[in-house]
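Below are the chains, spelled out letter by letter.
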Amino acid sequence: MSAHSTMHESTSPRFKQNAREALDNKQLQSALGHVRHRFIDKRAQAAAQLPEFDDLRDSAKAIKDHVLAHLDLYLAHYEQQVHAAGGHVHFARTAQEASAIIVDLCQKAGATTVTKGKSMVSEEIGLNAALLAAGIKPVETDLGEYIIQIRGETPSHIIAPAVHLTKAQIEADFRRTHTHLDAKRNLDAPESLLAEARTLLRDQFLRADVGITGANLLVAETGSSIIVTNEGNGDLTQILPKTHIVIASIEKIVPTLEDAAQILRVLARSATGQDMTVYSTLSTGPRRAGDPDGPENYHVVLVDNGRSSMIGSEFEDMLRCIRCGACMNHCPVYHAVGGHAYGWVYPGPMGSVLTPSLIGVDKAGHLPNASTFCGRCESVCPVRIPLPKLMRHWREREFERHLSPATFRWGLSFWAAFAKRPRLYRFVTSFTARALGMMGRKVGSFRWLPLASGWTATRNLAAPQGDTFQSQWHRQRTAKDQRKN
Amino acid sequence: MHSNPKPRIGLFVTCLVDMFRPSVGFCAVKLLEDAGCEVVVPVQSCCGQPAYNSGDRAHARDIALTHIKAFEGCDYIVAPSGSCAGMMVKHYPELFADDPDILAQARSFASKCHELVSFLSDVLNVTHIAQSCHHSVTYHDSCSGLRELGISDQPRRLLKSMEGLTLIEMKENDVCCGFGGTFAVKYSDISDAIVSQKCRNIEDTSADLLVAGDLGCLLNMAGKLSRQGKKTDVRHIVEVLAGDLTTPAIGAPHKEGNAQ
C-alpha cells in the first residue's frame, strides 16, 4: 500500500527473531527489570488511593464510546472552534498526507530547525524522516525521545521511550554525542544527565522556527489541544517558536473540558501512578492580542491513517485507547522482550491490536498471537478495552484468510475432528495416554518427545499417569452396573 | 440443601486432566461426593479453547455445542480448571452471539458452569477441609480463573483451613506462568522466559509444594522446575483438598506399586 510508504518501517514479520535477540540482550533484560515493578506498584497505589477509580474508568469508557459514535459531529465542531480561535485544521487521510502537510507548513514558515514534544503519532507517520528529507532538522525535546534520537532508535514504550536502556548506556551516548563538553565531567547521578540534556535543549528551543507537539486530548467545546508532560519541554516547544503545529489522531477528541478532566483523572494514574502529571497544558489557537507569549500561528493536523475504517468494525473498542501504557506495563510478554521486538511503533497489548489495523495483519500477524491471554492488560485498562478479545478477533481474521501456517491449521482441524466426536475422542486418547504412560511412568517426565520439541526444548513434559480418566470412569461404571444387574 | 435431592453435577474433567492426570478427576469426584453431590461424567472431549483462541470459530462452535448437549440434565457443570470453566461461562455465549436459538441454550449452560474450588466454596458453602497436609504450600493464581471468574480468596481459604498447611505467598502470584495454551509451543522462547521468572518467585518462597487450579499452568511450571532439577513438588489444588498426597507429584517418577 503506497499510503504506508512513508510510515515507519516494520520488523513485525520477524517478531520471533526479534524476541530471541531481546531475550539474549543482557543490557535490555536489566533495563526491563524496572518496568516489572516500578510502574505496576505505582499504578496500584494510585488506584487504591482513589475509591472511585473504577467508576472513573467506566466514565472514561463512556465518554470515549460516545465520541466514537458521533465522531463526525465532534470533529466538525472542533474544527469550527479552532478556526474561531484563529487556528487552522488540516485533515490527513494517510501517513503520507500528514507528513506532507507538516513539511509544507514548516517550509512556509521558513523553518530549518523544529523542536518536537513527544508524539507517538509522529512516530507512526515517520515524520522525522520526512522532515530530514526536506532539509529540516527535527529536535526531540522529551528526554527519552532525545536519547533515542541520538541513538537513531525508535521508542520502545509509548510513555517511556528509552525504558529499554540502562543509565550506563545513556551516559555513554551522551559522552559520544556531546563531544564539545569536558570529557572528564561527572555524570554518575541520573540528574546530571537530565541537566546536561536540558542545557543543550534550551539552546534549541530558542533557535526553533516551528514547534511540533502531539495531543493527549482535543476538546471539541473549545477547540483546545491538551498535552500532559512531566518535563515541561512540551510547553517550551509550543510557546517559544512562531508556529505551533499539533499533530493528533482523530480519536483524541472529547466533547467538553469536563470530559477532558474526567479522562485526565485516569490517565496519569494508569500511566505513572501520579494523580496528575507535572504539567497539563491547554492550547487554544495562536497568541491573542495582549497575551504575553505563545505562537503566532497555530495549526492542527488530524490524522486518520486507517482509524476511520476501524469504526463500526470489531476493532472499534481500540479507538478508546488514551495511550497510558498500563497494558504494556502489566504484560508478561512485554516484560520478557521489551517494546522493540514488536517491530513497529506501538508495542505491548495495545500495539498487538492496533498495529495490524494500521500496517496490515499480513505483516503484523505475530503480534496478536504472541499473547498468553492472561488478561492482565484488560484488567488495568483505564478505558476497559477488551484487549485479549480484540487480539482473538485478529486471530480469527488470520484464520479466515489462511494466514496461519498450513501445518498448524491442519493440526487444528485434525484435533477438532476428534474433539467434536467425544466417543471417538475417548477411544483415541485412551490409547495415546496408555502408550505414553507406559513409556514415561518410570522417569515421570519426558525430556524429549517427537512433535513436542516446542515444549521439551526448555522444559520437561510430565508423562500421563496411564489410562485416561474417562476410560477408567467408563470401565468402573460399567462394572458397577453389571454388579447391580 | 438437606431436603432437596442431591444436586446432579456433570464433571467436565478437562482434556488435560483426562489425558495427563486422571487422579485429579477422581479427587474432584471425591470432593463433590463428600459435599453431598451426585456426580456424572458425560462422554466429553475438550472445551474447545485451542480452536477458539486460534481463531477457528467454526470448530469452536461445533465443540461447544457438543458439550452443551452432552451435559443436558445436569444441575451444574463443574470443572477442575478456571480456564475451561471460564471458556464455558464467558465465551460459549460469545460464540453464539449471532444465533439467538443456540445463544439461549449457551447462556443457560454457562449459568450452570463453575470452577470446582469456587463451586465448593461459593455454591456448596464448604468452609473447612477435614484433611491434613503437612506442607508449606505456595499457590499460583491461574489467569483465567483469577480474572475471568474472580477466583482468588476461595482456594486460599480452603487451603488455610487444612491442618498442618502453611500458605506462603510468592511474589507476583497473579502474574501469568507463560503457558497460554498453544502460546507455550508457538512462542516457546518467550514462554520459557516467563516461566523461568515464575520459577524464581516460587523458589524464593522455599515452599515445598506448589499448587494451582489449572493443569495447563501446572504442567508448564512443573516441567520447568524439573528441567532445572528443583525439588519442589507440584500438584493440582484438588489433590491437596481431597487429601491425595500419595500419587506421585506432577512429573515425578512412579514407583512400582503405585499403578492406577
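Residues numbered from 1 in each chain as written. Chains lettered and ligands numbered in written order. Predicted model: local features only at pLDDT ≥ 70, side-chain atom pairs only at ≥ 80, totals over all residues.

## Details of the confidence of the model for chain B
Step number 1: Of all residues in chain B, 97% have pLDDT values of 70 or greater, and the mean over the chain is 95.
Step number 2: At the level of chain-chain contacts, confidence expressed as ipTM amounts to 0.96, with global pTM at 0.95. (pLDDT = per-residue confidence, 0-100.)

## Here we look at the packing of helix 15 (residues 348-359) of chain A against helix 19 (residues 387-400) of chain A
For any two helices packed against each other, one specifies the crossing angle of their axes together with the interaxial distance.
All names here are of chain A.
Step number 1: Running from N to C, helix 15 and helix 19 point in directions that differ by 35 degrees, and their axes come no closer than 9 Å. Note that helix 15 runs across helix 19; the crossing there is left-handed. Residues Pro349, Met350, Ser352, Val353 and Pro356 of helix 15 touch helix 19, and the partners they reach there are Leu387, Leu390, Met391 and Trp394.
Step number 2: Grouping the constituent residues of the contact of helix 15 with helix 19 by class yields eight nonpolar, one polar and no charged. (Axes fitted to C-alpha atoms, helices over the stretch in contact; angles between N-to-C directions. Helix = DSSP H or I, 4+ residues; strand = E, 2+ residues; numbered from the N terminus. Left-handed = near helix turned anticlockwise from the far one by under 90°. Contact = placed C-beta atoms within 7 Å. Nonpolar A, V, L, I, M, F, W, Y, C, P; charged D, E, K, R; others polar.)

## Re the sheet that holds strand 9 (residues 279-283) of chain A
All names here are of chain A.
Step number 1: Across the sheet, four strands lie side by side as 8-5-6-9; this open sheet has mixed pairing. With one partner strand each, in any of the chains shown, strand 8 (253-254) and strand 9 form the two edges of the open sheet.
Step number 2: The sheet contact formed by strand 5 (residues 217-219) and strand 6 (residues 224-229) spans three bridges and is antiparallel. Bridging across to strand 6, leucine 217 finds its partner in isoleucine 226. (Pairing = 2+ DSSP bridges.)

## Looking at the interface of chain A and chain B
Step number 1: Facing the 53 residues of chain A at the interface are 61 residues of chain B.
Step number 2: The element that contributes the greatest number of residues to the side of chain A that touches chain B is helix 21 (residues 422-440) of chain A, accounting for six residues.
Step number 3: Looking at the side of chain A that touches chain B residue by residue, the class counts come to 26 nonpolar, 16 polar and 11 charged.

## What about the packing of helix 9 (residues 167-177) of chain A against helix 10 (residues 190-207) of chain A?
All names here are of chain A.
Step number 1: Where helix 9 meets helix 10, the closest approach of the two axes is 11 Å, and the angle between their N-to-C directions is 35 degrees. Relative to helix 10, helix 9 is oriented so that their crossing is left-handed. Here Lys167, Ile170, Glu171 and Phe174 of helix 9 come into contact with helix 10, specifically with Pro190, Leu193 and Glu196.
Step number 2: Its residues assigned to classes, the contact of helix 9 with helix 10 shows four nonpolar, no polar and three charged.

## Let's talk about unusual backbone geometry
Step number 1: At A:Arg323, a position not held by glycine, the phi torsion is positive, near 60 degrees.
Step number 2: With respect to the helices, strands and loops of the structure, A:Arg323 is situated in the loop between strand 10 (297-303) and helix 13 (326-329).
Step number 3: Its identity is not glycine, yet B:Asn125 carries a phi of approximately 55 degrees, on the positive side.
Step number 4: Secondary-structure assignment places B:Asn125 in the loop between helix 7 (116-123) and strand 5 (136-140).

## Topic: the nonpolar core
Step number 1: Membership of the largest hydrophobic core comes to 215 residues, with the highest contact counts inside it found for A:Ile247, A:Ile263, A:Val303, B:Met88 and B:Met221.
Step number 2: Here B:Met88 is in contact with B:Cys47, B:Ile77, B:Phe109, B:Ala110 and B:Cys113, once residues within four sequence places are set aside. (Core = buried A, V, L, I, M, F, W, Y, C linked by C-beta atoms within 7 Å. Buried ≥ 20, exposed ≤ 12 C-beta atoms within 10 Å, placed from the backbone.)

## Observations regarding the sheet that holds strand 2 (residues 113-116) of chain A
All names here are of chain A.
Step number 1: Strands sit in the order 1-10-7-4-2-3 across an open sheet of six strands; the sheet is parallel. Strand pairing shows two members of the sheet lacking a second neighbour, strand 1 (88-92) and strand 3 (137-140), which therefore form its edges. Each adjacent strand pair in this sheet contributes to an overall mean axis angle of 25 degrees, direction not counted.
Step number 2: The sheet contact formed by strand 1 and strand 10 spans five bridges and is parallel. Bridging across to strand 10, histidine 90 finds its partner in valine 301.

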